[in-house]
Amino acid sequence: MKLEMKPRSAAGVPGTRPWNVRRPANRRGGAEGEAHPVPRAPERGTRASWRMPFAPDRPAQPPRTGAAAGPSLAVRRAVALRALAVLVAALAGTGAHAAGSVDRARGRDDEGPLRRRAASPKAGLARAAVGVTHGTVKIRPDSVPPAARTIALDAARNEFEPFQIVIAGRGEPVPRVSARAGDLEGPGGARIAASNLRLFAERLYEIPARGEGERAAWPDALVAEVDGYAGERRSAFPFDVPAGEARAIWIDVFVPPGARPGPYRGVVEVRSGGDPLAAIEVRLRVRRFTLPSTASLRSAFGFSVDVACRAHLGTRFCEGDAAAAPLVRLYTRAALLHRVTLATPYYTLPQDGGFRRFDETAGPFLAGDTAGPLGGARLTTFRSGYRRDADPAWTRARTAALRAHFAARRWPQELFDQVFDEPHACVPQVRSRAAVAHAAGVRTLVTTDLDRVDACGWRGDVDIVCPVVNQLERRDRGGLVRERARYDEFLARPGKELWWYQSCMSHGCQPEGECAPAQGSSAAAGWPSYAVDASAVQARAMEWLSFGYGFAGELYYDAVMNLDRAWRPGGLCAFGAHGDGALFYPGDPRVIGGRTWVPVESLRLKLLREGMEDYEYLHLLAALGEPRAARDEARRLFPAADRVTSTSPEALYAARRRVADRIERLLAPRASDRRR
């Protein structure tokens, strides 16, 4: 039996709900107590082994009954005794800082020490191993859990800080794994409520085998215990961990803007059915500074709303603005919660000069979104979509009206027109379209490098030059530092900016539908990358590089590429890599439980958010009077754009702490001020 996608009305898309909704009292059921089926992996026939369940081309599995429904009483008794011993050991303080302690069986040492899971006759003596680690590592099925049971986090106010709990099955499966977070208790009775700790189950994305090779599984889709859009309980928990494999729970800790600085402590309990597996101690240091809700680094990520309609509503294209608007609002908000701007928060721009519907859809995100935890977060850019090359007068009039509307509303976004994408010759459209945009008072962007701009005489036509990152790391010209310096003369002119972007060049471009492992070539493995099978550091590096080498914005061609195929094995393959242009999954209730369709964030989007928050640290240090120190810190961490995998997560966290310490020293009142 195949699950067929049926069209849904726009009414099936939820409205806005507070991000940090409290979990329902009934932890077994949905938002109103209904029981949701737990996804099952067809190839194993057991509950929730997280290999893209309920793909359209796979049959659903019947519920387990009889002996298959769970472990025997004797097994449960033995597990309970073992779990009790583990819990006692954890409470005795056996944990230590977990950074860098996850071992993964991969061929490169870019995320800490690596080793293969060793076969041992003692491996089956304990059914489960549980440990905790930071968020800048990808937990694969053959990962070895760290020994640590304590995680030390460091975060500013109004910042997210993630960590991961790793559970591995040894001699037998670990059934019905779940977790529960408590409040974090801080100085003077201060608390960070448990509702600010959001739990996600990390589901695996399967990369199909090539030839006779084995399929590769990577963590990517993050299914929330309670989603942040409709506030519904999903089927993230409980899940089963197969024997001999590892799975992970992702936990986002949000530090409210009003949190009191200082140390906080709390516990996350991990259970297997009714039996305790581990008590994970969380130690959080809240810094004395606050990150802004609106990103300081401009971004402009594409959003193919027709693809969203295809995935959520089952229609080939959106059937008008009424159908598209709820999806536009959902995904724009989801991106803003990760400090990313979708540059086209609309289905169609007004054609008759009336902006009422546009204001209803895009206005809240241009004025400042108040629905999520990042109160008042705004889009940083807006891309004009008016284009009639045969009628430049119409294009100019419509673009000028758009700009006037922004001015009347006092929306501060960078309004630009991407007049051409990757010109490989001196195409006349760049000059003609730029003339129209400039006449309407809008800046222009072209994805090209300075060599092309100068060769074609476009310095007066292009306001924002946006080269691909690979064009900047020119070893024949002295590397990124020297190549970036060539743009200084261009940037000295009023109104000029330098952005950049990453593309399939980071992993090796291939025809559509063909993908190779992103880590398959050492020449292509070291670039920043949002591919599923790239390292966690690669997904977090772009923003450090942006600050360290002076780039004002980041462009990305799409955030929902292949959204309608995302749950299928290999469904996110595009232009040579899995996940290229795809940072979300569609929250189909048949896959994630609940009743309402919502966006599902990828682990890569979380890492991108972490990079954006790293940028805020550096930006704040520069704003406090130490721009050189901030730049040097970023450049020491990532000295070259094509070797970011040589940087370890431990080095990244150490750099963040140094920057945070320096910020706090600069914010500390001088002795003379204290005497006053």
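For the structure itself, look to the data block above.
What you are looking at is a predicted structure, and each value in this text was computed from that prediction instead of being measured.

Student: Just checking my understanding: could you explain the overall build of the protein chain for this structure?
Tutor: When helices and strands are tallied, the protein chain shows 15 helices and 25 strands. With 676 residues in all, the protein chain has 59% of them scored as buried. For the protein chain, the proportion of contacts with a sequence separation of at least 24, taken over those separated by at least 6, is 74%. As displayed, the protein chain offers around 25,900 Å² of accessible surface, 51% of which is attributable to carbon and sulfur atoms.

Student: Explanation requested: the pattern of salt bridges in the structure shown.
Tutor: Between side chains of opposite charge, a pair can form when the charged atoms approach closely. Per the counting criterion, the structure on display carries 48 salt bridges. Ionic pairing is found between arginine 298 and glutamate 414, a salt bridge with its closest N-O pair at 3.5 Å. Linking arginine 298 in strand E15 (residues 298-301) with glutamate 414 in strand E17 (residues 414-421), this pair joins segments that are 116 residues apart in sequence. Accessibility expressed as a relative area gives 10% for glutamate 414, which makes it buried.

Student: What exactly am I supposed to notice about the nonpolar core here?
Tutor: Formed by 143 residues in total, the largest nonpolar core has its most connected members in Phe163, Ile165, Ile167, Leu284 and Tyr331. Excluding anything up to four places from it in sequence, isoleucine 165 contacts Val130, Gly131, Val132, Arg247, Ala248, Ile249, Ile251, Val268, Val270 and Ile280. In terms of nonpolar packing, the next biggest core, distinct from the first, is built from 21 residues, Phe160, Tyr346, Phe365 and Trp411 among them.

Student: Is there a simple way to explain helix H14 (residues 649-667) in this structure?
Tutor: Counting along an α-helix, one turn takes 3.6 residues, and residues three or four places apart therefore face a common direction. Here H14 spans 27 Å end to end across 19 residues, near enough to the 27 Å set by a 1.5 Å rise per residue. Along H14, the residues that are buried comprise Pro649, Leu652, Tyr653, Ala655, Arg656, Val659, Ala660, Ile663 and Glu664.

Student: I'm lost on the sheet that holds strand E12 (residues 246-255) in this one. Help?
Tutor: The strands that make up a sheet pair up through hydrogen bonds in the backbone, lying either parallel or antiparallel. With respect to topology, five strands assemble into an open sheet ordered E3-E5-E12-E9-E10, the strand pairing being antiparallel. A single partner strand is all that each edge strand has here, and the edge strands are strand E3 (128-134) and strand E10 (216-224). Direction aside, the axes of adjacent strands within the sheet are offset by 30 degrees on average. Of the pairings in the sheet, the one linking strand E9 (residues 197-207) to E10 comprises eight bridges and is antiparallel in character.

Student: How do you make sense of the packing of aromatic side chains when you look at a structure like this?
Tutor: The geometry of an aromatic ring pair is captured by the separation of the ring centres together with the interplanar angle, meaning the angle of the planes. Taken as a whole and judged by the stated rule, the model has 22 aromatic pairs. Judged by centre distance (5.3 Å) and plane angle (85 degrees), the rings of phenylalanine 289 and tyrosine 617 are edge-to-face. Taken together, the residues phenylalanine 289 in strand E14 (residues 275-290) and tyrosine 617 in helix H12 (residues 603-623) connect sequence positions 328 residues apart. Here phenylalanine 289 and tyrosine 617 have matching classes, each one buried. Aromatic side chains tyrosine 331 and phenylalanine 584 sit 5.1 Å apart centroid to centroid with 85 degrees between the ring planes, which places their arrangement in the edge-to-face category.

Student: Quick question: what am I supposed to make of the packing of helix H3 (residues 321-336) against helix H4 (residues 356-367) here?
Tutor: Each pair of packed helices gets described by two things: the angle between the helix axes and the distance between those axes. With their axes 9 Å apart at the nearest point, H3 and H4 run at an angle of 10 degrees to one another. The orientation of H3 relative to H4 falls into the category roughly parallel. On H4, the residues touching Asp321, Ala322, Ala325, Val328, Arg329, Thr332, Arg333 and Leu336 of H3 are Arg357, Glu360, Thr361 and Phe365. Tallied by class, the residues present in the contact of H3 with H4 amount to five nonpolar, two polar and five charged.

Student: Can you walk me through a nonpolar patch on the surface in this structure?
Tutor: Together, Leu624, Leu666 and Leu667 line one region of the surface with nonpolar side chains, adding up to about 210 Å² of accessible area. Structurally, the position occupied by leucine 666 is in helix H14.

Student: Looking at this model, I keep getting lost on the side chain of asparagine 158. Mind explaining?
Tutor: By the element assignment, asparagine 158 lies in the loop between strand E4 (150-157) and strand E5 (159-169). Judged by relative accessible area, which is 2%, asparagine 158 ranks as buried. One polar contact links the side chain of asparagine 158 to the main-chain carbonyl oxygen of leucine 291, over a distance of 2.9 Å. With near-sequence residues (within four places) excluded, asparagine 158 lies in contact with Phe254, Val255, Pro256, Pro257, Thr290, Leu291, Pro292, Ser293, Arg339, Pro373 and Leu374.

Student: Hey, could you run me through the sheet that holds strand E21 (residues 553-556) in this one?
Tutor: Spatially, E15-E21-E20-E19-E18-E17-E16 is the arrangement adopted by the seven strands of the open sheet, whose pairing is parallel. This sheet does not close on itself; its edge strands, each paired only once, are E15 and strand E16 (381-383). Here E17 pairs with strand E18 (residues 443-447) via five bridges, running parallel. Bridging across to E18, aspartate 417 finds its partner in threonine 444. Set on the sheet, helix H6 (residues 428-439) makes contact with E17 and E18; between it and E17 the angle comes to about 160 degrees.

Student: Explain unusual backbone geometry to me, please; I cannot follow it from the model alone.
Tutor: Of all residues except glycine, most have a negative phi; of all peptide bonds, most are trans. A cis amide bond links phenylalanine 237 with the next residue in sequence, proline 238, at an omega value of -5 degrees. For proline 238, the location among the structural elements is in the loop between E10 and strand E11 (239-241).

Student: Got a minute to help me understand the environment of aspartate 488 in this structure?
Tutor: Mapped onto the secondary structure, aspartate 488 falls in helix H9 (residues 488-491). Overall, aspartate 488 belongs to the partly exposed group, its relative accessible area being 41%. Distance in space between the C-alpha atoms of aspartate 488 and glycine 550 is 9.9 Å, their sequence separation being 62 residues.

Student: What's the story with helix H10 (residues 536-549) in this structure? I'm lost.
Tutor: Methionine 542 marks the point of greatest bend in H10, at about 30 degrees. When you tally the buried positions in H10, you get 14 out of 14 residues, the bulk of the element. Among the residues trailing H10, glycine 550 stands out with phi positive, at a value near 80 degrees.

Reading guide: rules and limits
Residues numbered from 1 in each chain as written. Predicted model: local features only at pLDDT ≥ 70, side-chain atom pairs only at ≥ 80, totals over all residues. Heavy atoms only, no water. Helix = DSSP H or I, 4+ residues; strand = E, 2+ residues; numbered from the N terminus. Buried < 20%, exposed > 50% of the residue type's maximum accessible area, 1.4 Å probe, protein only. Contact = heavy atoms within 4.5 Å. Areas by Shrake-Rupley, 256 points an atom, 1.4 Å probe, with all protein chains shown as cover. Salt bridge = Lys/Arg side-chain N within 4 Å of Asp/Glu carboxyl O. Core = buried A, V, L, I, M, F, W, Y, C linked by side-chain atoms within 4.5 Å. Expected span 1.5 Å × (residues − 1). Pairing = 2+ DSSP bridges. Axes fitted to C-alpha atoms, helices over the stretch in contact; angles between N-to-C directions. Phe/Tyr/Trp six-rings, centres within 6.5 Å; stacked < 30°, edge-to-face > 60°. Parallel < 35°, antiparallel > 145°, perpendicular 65-115°, else oblique. Nonpolar A, V, L, I, M, F, W, Y, C, P; charged D, E, K, R; others polar. Patch = residues over 30% accessible without salt bridge, like charges linked within 9 Å, V, L, I, M, F, W, Y side chains within 5 Å. Polar contact = N/O pair within 3.5 Å; in protein donor to acceptor, adjacent residues only side chain to side chain. Bend = angle between axes of the 7 residues up to and from the residue.

On their own, these measurements won't tell you what the molecule is for.
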